[in-house]
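Letter by letter, the chains look like this.
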Amino acid sequence: MAMNFVFIEGKYNGSTITILGRNPVFNAVREMPVVGGSGLFRFARGYVQLRTHNFDPKTGDATVEYNAY
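My aim in this report is to walk through the structure given alongside it, one point at a time. Quick caveat: nothing in here was measured; it's all calculated off a predicted structure. Counting restarts for each chain: residues are numbered from 1 in the order of the written sequence. Where local features are concerned, this predicted model is filtered to residues with pLDDT of at least 70; where side-chain atom pairs are given and counted, the filter is 80 or more; whole-chain, interface and lining totals use all residues. With hydrogens and water stripped out, all remaining heavy atoms of the structure feed into the side-chain values.

Let us look at the nonpolar core. For this analysis, a nonpolar core means a set of buried residues of the types Ala, Val, Leu, Ile, Met, Phe, Trp, Tyr and Cys, connected via side-chain atoms within 4.5 Å. Each residue gets one of three labels from its accessible area relative to the maximum for its type: buried under 20%, exposed over 50%, partly exposed in between, using a 1.4 Å probe on protein chains only. Ranked by size, the top nonpolar core spans eight residues in total: I17, I19, M32, V34, F41, A44, V48 and L50. Secondary structure elements are taken from DSSP: a helix is a run of H or I of four residues or more, a strand is a run of E of two residues or more, and numbering for both begins at the N terminus. Elements with a minimum of two residues in this core: β2 (16-20), β3 (29-38) and β4 (46-56).

See the structure below:
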């Protein structure tokens, strides 16, 4: 999975964080690497932990919490 989080308010407005990696969605907690970003997050490195709070297999809708470190 590749994902960009875009900040649209406050001091991070216009900056992004880029995440890239495998997302085994049925694991309760998973980690993915932060591989870069833009603006204030240029050359960002770290990881995110993902936790699924709700998942509807019928629609594919999910509520996922992302914590970046």
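Right, let's talk about the packing of aromatic side chains for a bit. Think of it this way: a Phe, Tyr or Trp ring, Trp meaning its six-membered ring, pairs with another when their centres are within 6.5 Å, and the plane angle makes it stacked under 30 degrees, edge-to-face over 60, tilted otherwise. Applying the stated criterion across every chain yields a total of six aromatic pairs. Consider the rings of F26 and F55, whose centres lie 6.0 Å apart with planes at 85 degrees: the pair is edge-to-face. Note that F26 is positioned in the loop between β2 and β3 and F55 in strand β4, a separation of 29 residues in sequence. Taking the relative accessible area as the measure of exposure, F55 reaches 43% and is therefore partly exposed. Among the aromatic residues, those joined into a ring-pair cluster are F7, Y12 and F41.

A word on the side chain of S15. With respect to the helices and strands, S15 occurs in the loop between β1 (2-6) and β2. Two N or O atoms count as a polar contact when they lie within 3.5 Å, although within protein this holds only if one can serve as hydrogen donor and the other as acceptor, and sequence-adjacent residues are included solely when both atoms are side-chain atoms. Within the local environment of S15, its side chain forms a polar contact with the backbone nitrogen of L40, the two atoms lying 3.0 Å apart. Contact between two residues is taken to exist if any of their heavy atoms lie within 4.5 Å; hydrogens are not considered. Every residue in contact with S15, bar those within four places of it in the chain, is listed here: F5, V6, F7, S38, G39, L40 and F41.

Strand pairing requires that DSSP identify at least two bridges connecting the strands. Judged from the six bridges that link them, β3 and β4 form a sheet pairing that is antiparallel. By the bridge assignment, V29 is partnered in β4 with R51. By the bridge criterion, eight bridges tie β4 to strand β5 (residues 61-68) in an arrangement that is antiparallel. Its bridge partner being in β5, D56 is matched across the sheet by D61.

Right, let's talk about the layout of surface pockets for a bit. Cavity and pocket criteria rest on a 1 Å grid covering protein atoms alone: a 1.4 Å probe that fits but cannot get out defines a cavity, protein on both sides within 12 Å along at least 5 of 7 lines defines an open pocket, and an atom within 4 Å of a point defines a lining residue. Grid points are joined across faces, edges and corners, and a volume is the space filled by probe spheres set on the points. Its volume calculated, the largest pocket comes out at about 160 Å³. Around the largest pocket, the lining is made up of 14 residues, and of these V25, R30, T52, F55 and A62 lie nearest the centre. Mapped onto the lining of the largest pocket, the elements with two or more residues apiece are β4 and β5. Gly is put with the polar residues, along with every residue not named as nonpolar or charged; the nonpolar set is Ala, Val, Leu, Ile, Met, Phe, Trp, Tyr, Cys and Pro, and the charged set is Asp, Glu, Lys and Arg. Looking at the lining of the largest pocket, its residues break down into nine nonpolar, four polar and one charged.

Now for the environment of I17. Within the secondary structure layout, I17 lies in strand β2. Under the relative-accessibility criterion, I17 is labelled buried at 12%.

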